Amino acid sequence: MLTIRSVTFRAISCLLSGAFVVAAGATATAAVAAPQAAERGARADASEKNDPQARAVRQLRFGTPDRPFAADSPWNARPIGVTLGTDEIPKAKNYPTLEDGKWSTGVFVASPDDKPVTVLPLPGRKGIWDPDAEAMRDQITIPRWPAGVEPASAADGHGDIVDPVDRVIHSFNVLRFIDGQWRADQYAWTKLDGRGWGEPGHYFQGARAAAVPTMGGLVRAKEIDDNDEVFRHALAMSLTHTGLSPDPAYIYPATSADTGAKSNTGKVPQGALMMLPPDFDTERIKDALLRKVARTLKVYGAYVVDRNVETPYVIYVEMGANKSLMKRGWHPEFAYELDRVRAGLRQVMSVDRWVDGNGKPMSMEAPQNRFSLRGPWKRSGGGSDAAMKSMANAPSGTAAAAGGDRAGAGFDTRRQAVVFPAGEGVTVLVNDSGRSLQPVNWAKPEAGKRYKLTATATGGAKLQLQLLDAGRRTTLFDSGELADGASKTFEWPEGQGAVRVTVRSGPGPGESSVGGALVPVEAENAKDGSKDNASDKSDKSEKSDKSDKSDRTRAKTQDKASPGSAR
């Protein structure tokens, strides 16, 4: 069982690196005295003359149900000075389409007075798949469930529940209402005011194959006729297998892809940003929605987040918008313009600079956490395979401690921490499965580079990380026990092939918890502009293997059947 509770998050630094990252063109400068208001206004006016989109986004409010995610989320960021690739999205059996029907998704916003609802597994299933915890859950309780939830009726059954009180998006795959009971196949969550994408630690944050919520990049119904010339965010797009790349299957900012990616034959990985070139003629498009989409593809672009069946591309529109070209009467001219967009779309290969949703300069190199406290956990001193299996399926979204007064302790996905229930004495849990370091392909630890581990704990709990050789005979790095706020900076050791994480509860009798963040030192410095402090508890060890060799089970994401019309 996974019960979602209201929690307060502590800021955790996190790393971003990978195939799509480019440095911002603006030069960094030291802090200086604030300019006079007149000078600041003059600079803003000058900037807006060079960037006609800047004035239009001045008053936008982000992190809300109508405009989700932070201003500097990749969804809300705008690239300037892009270099496009040369590969064209290939044609397929169907025409491209804008989908607002059963293959799209709905967004349902809760109110403070809405009551909790418990979601059970689909009939015949062992549980609800929780890809962040990498475990099946016997049930999930959502604290506020809005009225009128109608998930997509096709096989994906997508539906996102937005809780403005907890500022969380609950993202479901195959969500169904069966015989008076809500059931689902998969569940993930993300922050309403966060990035809207996974990070290497909390790597799966939504129901789409790219591990993003289905409302990410979604054309919302109320945006369509808002008198703006573009949608003020990047769009969400799927491609079929002939357009998608088998290797790499995904690039930054995506942290996952469809399990069947090896059957792809194209060149575009999930996570890629697709755009139309500046000289693409959008004004000849007669259909207002398609014209606005095409304009957006020139300004913000669309991220590839899923795979469909036999449709060159699908751009997702909120269910119920009733703006589908097919619903309004399919016409050969629509098909021609959709295909002309297909022929013009190209993958963004580099970007000169980025601005956030407010038009302010930003860097895409915000650091991201690479560390997770997901299970399975076993009691220090031993534990049978059967006991460990029991832990992986324990209630309350945790893997239970074997025996002792703290039975039920384990990973809580919403708190991103191991939580020890109230009890007497100290419970020590060990996890040597390797699952604490999810091998996101653009964020694998590299031998010789420096990293900083920081513990986040309550109630006196402590965290310890050990890096071992592949045979588990030699300890290459040992952080020692870290209390809340304590950190250790070290050089990733050569030859690392195994990971051991140990957590210790507080002495009691109250609840305690422990989480942690692991970020590259260079990324942390890039964020705050400061150099690594030599007095920080550093432990330079030998260098380490670039590859994390632990096995992973990715979420089971199936192909999306095509909503398009046949050619």
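Residues numbered from 1 in each chain as written. Predicted model: local features only at pLDDT ≥ 70, side-chain atom pairs only at ≥ 80, totals over all residues. Heavy atoms only, no water.

**Student:** Looking at this structure, how should I read the overall build of the chain?
**Tutor:** Looking only at helices and strands, the chain has six helices and 30 strands in total. Here the chain, with 567 residues, has 57% of them falling under the buried criterion. On the chain, roughly 22,500 Å² of surface is accessible, and the fraction owed to carbon and sulfur atoms is 49%. (Helix = DSSP H or I, 4+ residues; strand = E, 2+ residues; numbered from the N terminus. Buried < 20%, exposed > 50% of the residue type's maximum accessible area, 1.4 Å probe, protein only. Areas by Shrake-Rupley, 256 points an atom, 1.4 Å probe, with all protein chains shown as cover.)

**Student:** When you look at the pairing of strand β5 (residues 117–121) in this model, what are you seeing that I'm missing?
**Tutor:** On any regular strand, side chains alternate: one points to one face of the sheet, the next to the other face. Taken together, the three bridges between β5 and strand β8 (residues 140–142) define a ladder with antiparallel strand orientation. Its bridge partner lying in β8, Val 117 is registered against Ile 142. Note that β5 and strand β12 (residues 181–184) share two bridges and pair parallel. When the sheet's bridge partners are listed, Leu 120 is paired in β12 with Arg 183. (Pairing = 2+ DSSP bridges.)

**Student:** Sorry if this is basic, but what is going on with the sheet that holds strand β25 (residues 462–469) here?
**Tutor:** Within a sheet, adjacent strands bond to each other through the backbone by hydrogen bonds, running parallel or antiparallel. With antiparallel pairing, five strands are arranged side by side in an open sheet as β20-β23-β28-β25-β26. A single partner strand is all that each edge strand has here, and the edge strands are β20 (378–379) and β26 (475–478). As judged from the three bridges shared by β25 and β26, these two strands associate in the antiparallel manner. Following the sheet pairing, Gln 466 is matched in β26 by Asp 478.

**Student:** Which parts of the structure should I look at to understand the pattern of salt bridges?
**Tutor:** If the charged atoms of two oppositely charged side chains come close together, the side chains can form a pair. A full pass over the atoms with the stated rule returns 24 salt bridges. Residue Arg 346 pairs with Glu 88 through a salt bridge whose shortest N-O separation is 3.9 Å. Placement of the pair is Arg 346 in strand β18 (residues 346–355) and Glu 88 in the loop between β2 (78–84) and β3 (97–99), with a sequence separation of 258 residues. Among the salt bridges present, the one from Glu 337 reaches Arg 284, with a minimum N-O distance of 3.9 Å. Pair noted here: Glu 337 is in helix α4 (residues 332–344) and Arg 284 is in the loop between β15 (273–275) and α3 (288–299), with a separation of 53 residues, a long-range link. Connected via shared salt-bridge partners are Glu 88, Asp 339, Arg 342 and Arg 346. (Salt bridge = Lys/Arg side-chain N within 4 Å of Asp/Glu carboxyl O.)

**Student:** For this particular structure, what's the right way to read α3?
**Tutor:** Every α-helix winds through 3.6 residues per turn, so residues three or four apart in the chain are directed the same way. Its twelve residues place the ends of α3 17 Å apart at the C-alpha level, agreeing with the 16 Å of an ideal helix rising 1.5 Å per residue. Regarding α3, the residues found buried are Leu 289, Leu 290, Lys 292, Val 293, Ala 294, Thr 296, Leu 297 and Val 299. The N-terminus of α3 is capped by Asp 287, whose side-chain oxygen sits 3.3 Å from the backbone nitrogen of Leu 289. Gly 301 sits one or two residues past α3 and shows a positive phi near 85°. (Expected span 1.5 Å × (residues − 1). Polar contact = N/O pair within 3.5 Å; in protein donor to acceptor, adjacent residues only side chain to side chain.)

**Student:** How should I be thinking about the environment of Val 426 in this particular structure?
**Tutor:** Relative to the elements of secondary structure, Val 426 occurs in the loop between β22 (417–420) and β23 (428–431). Take Val 426: its relative accessible area is 39%, and that puts it in the partly exposed class. Residues contacting Val 426, with those up to four places away along its chain left out, are Arg 504, Ser 505, Gly 506 and Pro 507. (Contact = heavy atoms within 4.5 Å.)

**Student:** Please clarify how the nonpolar core should be interpreted in this entry.
**Tutor:** Generally speaking, a soluble globular protein has its nonpolar side chains buried in company with each other. Within the largest apolar cluster, 41 residues are counted, with the highest numbers of intra-cluster contacts made by Trp 75, Trp 197, Tyr 250, Tyr 303, Val 305, Trp 354 and Met 364. For this core, the elements supplying multiple residues, two or more each, are β15, β16 (302–307), β17 (313–316) and β18. Among the elements that make up this core, the one with the highest residue count is β18 (three residues). Residues Leu 276, Phe 280, Val 293 and Leu 338 belong to the second largest nonpolar core, which totals 30 residues. (Core = buried A, V, L, I, M, F, W, Y, C linked by side-chain atoms within 4.5 Å.)

**Student:** Quick question: what am I supposed to make of the confidence of the model for the chain here?
**Tutor:** Predicted coordinates in areas of low pLDDT are best not read in detail. Residues with a pLDDT of 70 or more make up 76% of the chain, whose mean pLDDT is 82. Low pLDDT (under 50) marks residues 1–47, which in the prediction has 106 contacts with non-local residues, meaning those over four places away or in another chain. Across residues 382–404, where pLDDT falls below 50, the model places 49 contacts with residues more than four positions away in sequence or in other chains. (pLDDT = per-residue confidence, 0-100.)

**Student:** Help me out: how do you make sense of the side chain of Lys 292 in this one?
**Tutor:** In this fold, Lys 292 is placed in helix α3. The contacts of Lys 292, once residues within four sequence positions are left out, are Glu 223, Ile 224, Asp 226, Asp 228, Glu 229, Val 230 and Phe 231.

**Student:** Looking at this structure, how should I read α4?
**Tutor:** For α4, built from 13 residues, the straight-helix expectation of 18 Å at 1.5 Å per residue is met to within 8% by its first-to-last C-alpha distance of 18 Å. For α4, the full list of buried residues reads Phe 334, Ala 335, Glu 337, Leu 338, Asp 339, Arg 340, Val 341, Arg 342 and Gly 344. Contacts from the buried residues of α4 go to β3, β15, α3, β17 and β18.

**Student:** Would you take a moment to explain the environment of Pro 278 for this structure?
**Tutor:** Within the secondary structure, Pro 278 sits in the loop between β15 and α3. Sequence separation between Pro 278 and Leu 297 is 19 residues; the distance between their C-alpha atoms is 9.6 Å.

**Student:** Quick question: what am I supposed to make of the packing of aromatic side chains here?
**Tutor:** What describes a pair of aromatic rings is the distance from one ring centre to the other and the angle between the planes of the rings. What the rule picks out here adds up to twelve aromatic pairs. Relative to Tyr 187, the ring of Phe 172 lies with its centre 5.3 Å away and its plane at 50°, an arrangement referred to as tilted. One end of the pair, Phe 172, is in strand β10 (residues 168–173); the other, Tyr 187, is in strand β13 (residues 186–191), and 15 residues separate them in sequence. Across this residue pair, the class does not change: Phe 172 and Tyr 187 are buried. Cluster of aromatic residues (ring-pair linked, three or more members): Trp 145, Phe 172, Phe 177, Trp 182 and Tyr 187. (Phe/Tyr/Trp six-rings, centres within 6.5 Å; stacked < 30°, edge-to-face > 60°.)

**Student:** It is not clear to me how the pairing of β22 should be interpreted in this structure. Could you clarify?
**Tutor:** On β22, burial covers both faces: Ala 417 and Val 419 on one face and Val 418 and Phe 420 on the other are all buried. Direction of pairing for strand β21 (residues 410–412) relative to β22: antiparallel, over a ladder of three bridges. Looking across to β22, one finds that Gly 410 is bridged to Val 419. Between β21 and β22, which follow one another and run antiparallel, lie four residues, and Gln 416 among them has a positive phi close to 50°.

**Student:** Before we go on, may I ask you to explain unusual backbone geometry in this structure?
**Tutor:** Negative phi is the rule for most residues except glycine; trans is the rule for most peptide bonds. With omega at 0°, the peptide bond leading from Asp 247 into Pro 248 counts as cis. Among the secondary structure elements, Pro 248 is positioned in the loop between β14 (235–239) and β15. Across the junction of Tyr 252 and Pro 253, the peptide omega takes the value 10°, indicating a cis bond. Secondary-structure assignment places Pro 253 in the loop between β14 and β15. Positive phi outside glycine occurs at Phe 69, with the angle close to 80°. By secondary structure assignment, the location of Phe 69 is in the loop between α1 (37–50) and β2. Of the residues examined, Phe 69 reaches a relative accessible area of 1% and is grouped as buried.

**Student:** Quick question: what am I supposed to make of the environment of Thr 454 here?
**Tutor:** Relative to the assigned elements, Thr 454 resides in strand β24 (residues 450–458). Residue classification places Thr 454 among the partly exposed positions, given a relative accessible area of 24%. C-alpha of Thr 454 to C-alpha of Leu 482: the two residues are 28 residues apart in sequence and 7.7 Å apart in space. Residue contacts for Thr 454: discarding those within four places in its chain leaves Gly 485, Ala 486, Ser 487, Gly 515, Gly 516 and Ala 517.

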